[in-house]
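# Commentary on secondary and tertiary structure
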Amino acid sequence: MTTVLTRRPHHVSSGPSRGHRAGAGGGAGRALVAVVLAVFVLFFVIPMVWLLLATTKSAHELLVGSPFLPGTPADLAANWRQLFDFQDGAVTAWVGNSALYAVGALVMTLVASIPAGYAMAMTDFRFRRSLLVLTLIIMLIPNTALVLPIFLELNVVGLIGSPLSVILPMSFFPFGVYLTYIYFSTSVPRDLLSAARIDGCSELEVFTKVALPLATPIVALVAFFSFVQSWNNFFLPFVMLPSSDGYPVQVGLTSLLASTPAFNPSSAGAQSVQLPTLALATVVSVLPVLIVFVFAQRFLVAGMTAGGTKE
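Residues numbered from 1 in each chain as written. Predicted model: local features only at pLDDT ≥ 70, side-chain atom pairs only at ≥ 80, totals over all residues. Heavy atoms only, no water.

### A few points about the overall build of the chain
- Counting its secondary structure elements, the chain contains 14 helices and 0 strands.
- Starting at the N terminus, the α and β elements of the chain follow one another as α-α-α-α-α-α-α-α-α-α-α-α-α-α.
- Among the 311 residues that make up the chain, the fraction classed as buried is 33%.
- For the chain, the proportion of contacts with a sequence separation of at least 24, taken over those separated by at least 6, is 69%.
- Roughly 18,800 Å² of accessible area belongs to the chain as shown, and the carbon and sulfur atoms make up 69% of that amount. (Helix = DSSP H or I, 4+ residues; strand = E, 2+ residues; numbered from the N terminus. Buried < 20%, exposed > 50% of the residue type's maximum accessible area, 1.4 Å probe, protein only. Contact = heavy atoms within 4.5 Å. Areas by Shrake-Rupley, 256 points an atom, 1.4 Å probe, with all protein chains shown as cover.)

Structure below.
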């Protein structure tokens, strides 16, 4: 009788284990994240910290002192007084002009963009697809390229120098139309709108009483983007407004810059502006956007995630 002996094969490992490879991959990923965060801190956070600290220093301390040591409340108060005393309170007028232009353009943007996006998403009409393609094409055109033809058009109707010369062009917001179109196309059930029509609602009532309350996140998102774009717009009001009395704060910063001896040596005099005051003006110019973002971030997150899933 023959006995057959069977030998179990030995598992020979030819490389690192799967768990080891996964751990190595995870370590590399964490290292990459750390590098990205370090770059972010280097190029974004550090300059912002320096800018905020610069507003609390005197001109001499800003140049010779440590860049990351805070100044004194007295220097901050002096810079604040110098800023708002510049040209008899011109900065206050510039901030008010910015608010007027941004809020006016915001209201007109919402009145035009939200119904336009709803109509493109929920109704079928002739040239609908062509209109959508045209909206996308206009989104790709830089805003500065449109300033000259807009200037010529407004000059014909005599609006140059008036607030409408800034508000009307900034109300033209194709990005808001496209955002609204995406939201209504993906996140609002058509059956719900059909049920409202069966119940006797007119098209206007369907939009205002059913669709619009469901679109609160996207309305907030469009409003935020419109406000930020209008508040930070420089070239359009710079071209449209010949007088500094109508300048928004972003254009007014050029007057402050021209009155700073460090950038314009010929500006030394009673109305000259020091570097810490210029830094404070920069902070004041972006502060309204930060305040709006803080109070609206809950709606912004909801708006950015809206349309990601389809019910």
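### Structural notes on the packing of aromatic side chains
- Counted by the stated rule, this structure contains 13 aromatic pairs.
- Aromatic rings pair up to connect Phe 173, Phe 175, Phe 224, Phe 225 and Phe 293 into one cluster. (Phe/Tyr/Trp six-rings, centres within 6.5 Å; stacked < 30°, edge-to-face > 60°.)

### A word on the pattern of salt bridges
- What the rule picks out here adds up to 2 salt bridges.
- The shortest N-O distance in the salt bridge between Glu 203 and Arg 197 comes to 2.6 Å.
- Glu 203 gets classed as partly exposed once you look at its relative accessible area, which sits at 43%.
- The residue Lys 209 makes a salt bridge to Glu 205 at a minimum N-O spacing of 3.9 Å. Taken together, the positions of Lys 209 and Glu 205, both in helix α10 (residues 203-214) and 4 residues apart, correspond to about one turn of that helix.
- The class of Lys 209 is exposed, set by a relative accessible area of 58%.
- By relative accessible area, Glu 205 is classed as partly exposed at 29%. (Salt bridge = Lys/Arg side-chain N within 4 Å of Asp/Glu carboxyl O.)

### Re the environment of Val 166
- Along the chain, the position of Val 166 falls in helix α7 (residues 164-171).
- In the structure, Val 166 is positioned 67 residues away from Asn 233 in sequence and 9.5 Å away in space, judged by C-alpha atoms.
- Ignoring anything within four residues of it in the chain, the contact list for Val 166 reads Tyr 101, Leu 236, Pro 237, Met 240 and Leu 241.

### Some points on the confidence of the model for the chain
- Looking at the chain, pLDDT values average 84 and 86% of them are 70 or higher.
- Mean pLDDT across the secondary structure elements of the chain bottoms out at helix α1 (residues 18-54), with 78, and peaks at α7, with 94.
- Residue range residues 1-5 is modelled with pLDDT below 50. Its contacts to residues more than four positions away, or to other chains, number 0 contacts.
- Confidence drops under a pLDDT of 50 for residues 307-311, and excluding neighbours within four residues, the segment shows 7 contacts in the predicted structure. (pLDDT = per-residue confidence, 0-100.)

### What to know about the side chain of Thr 180
- Among the structural elements, Thr 180 can be located in helix α8 (residues 174-187).
- Residue classification places Thr 180 among the buried positions, given a relative accessible area of 0%.

### Side note on the packing of α8 against helix α11 (residues 216-232)
- With their axes 10 Å apart at the nearest point, α8 and α11 run at an angle of 165° to one another. Between α8 and α11, the interaxial angle falls into the category roughly antiparallel. The handedness of the crossing between α8 and α11 is right-handed. Residues Phe 175, Gly 176, Leu 179, Thr 180 and Tyr 183 of α8 form the contact with α11, whose participating residues are Pro 217, Ile 218, Leu 221, Val 222 and Phe 225. (Axes fitted to C-alpha atoms, helices over the stretch in contact; angles between N-to-C directions. Parallel < 35°, antiparallel > 145°, perpendicular 65-115°, else oblique. Left-handed = near helix turned anticlockwise from the far one by under 90°.)

### Quick notes on α11
- An ideal rise of 1.5 Å per residue puts 24 Å on 17 residues; α11 measures up with 24 Å between its terminal C-alpha atoms.
- Counting buried positions along α11 gives 12 out of 17 residues, so the element sits mostly inside the fold.
- Considered for burial, the residues of α11 that qualify are Pro 217, Ile 218, Ala 220, Leu 221, Val 222, Ala 223, Phe 224, Ser 226, Phe 227, Val 228, Ser 230 and Trp 231. (Expected span 1.5 Å × (residues − 1).)

### Comments concerning the side chain of Thr 277
- Following the sequence through the fold, Thr 277 ends up in helix α14 (residues 275-305).
- Once you skip the residues sitting within four places of it in the chain, Thr 277 turns out to touch Asn 79, Gln 82 and Leu 83.

### Brief notes about a nonpolar patch on the surface
- A contiguous nonpolar surface patch, about 1,100 Å² in accessible area, is contributed by Val 35, Val 39, Phe 40, Val 41, Leu 42, Phe 43, Phe 44, Val 45, Ile 46, Val 49, Trp 50 and Phe 68.
- Along the polypeptide, Ile 46 turns up in helix α1.
- On the basis of relative accessible area, Ile 46 is assigned to the partly exposed category, the value being 33%. (Patch = residues over 30% accessible without salt bridge, like charges linked within 9 Å, V, L, I, M, F, W, Y side chains within 5 Å.)

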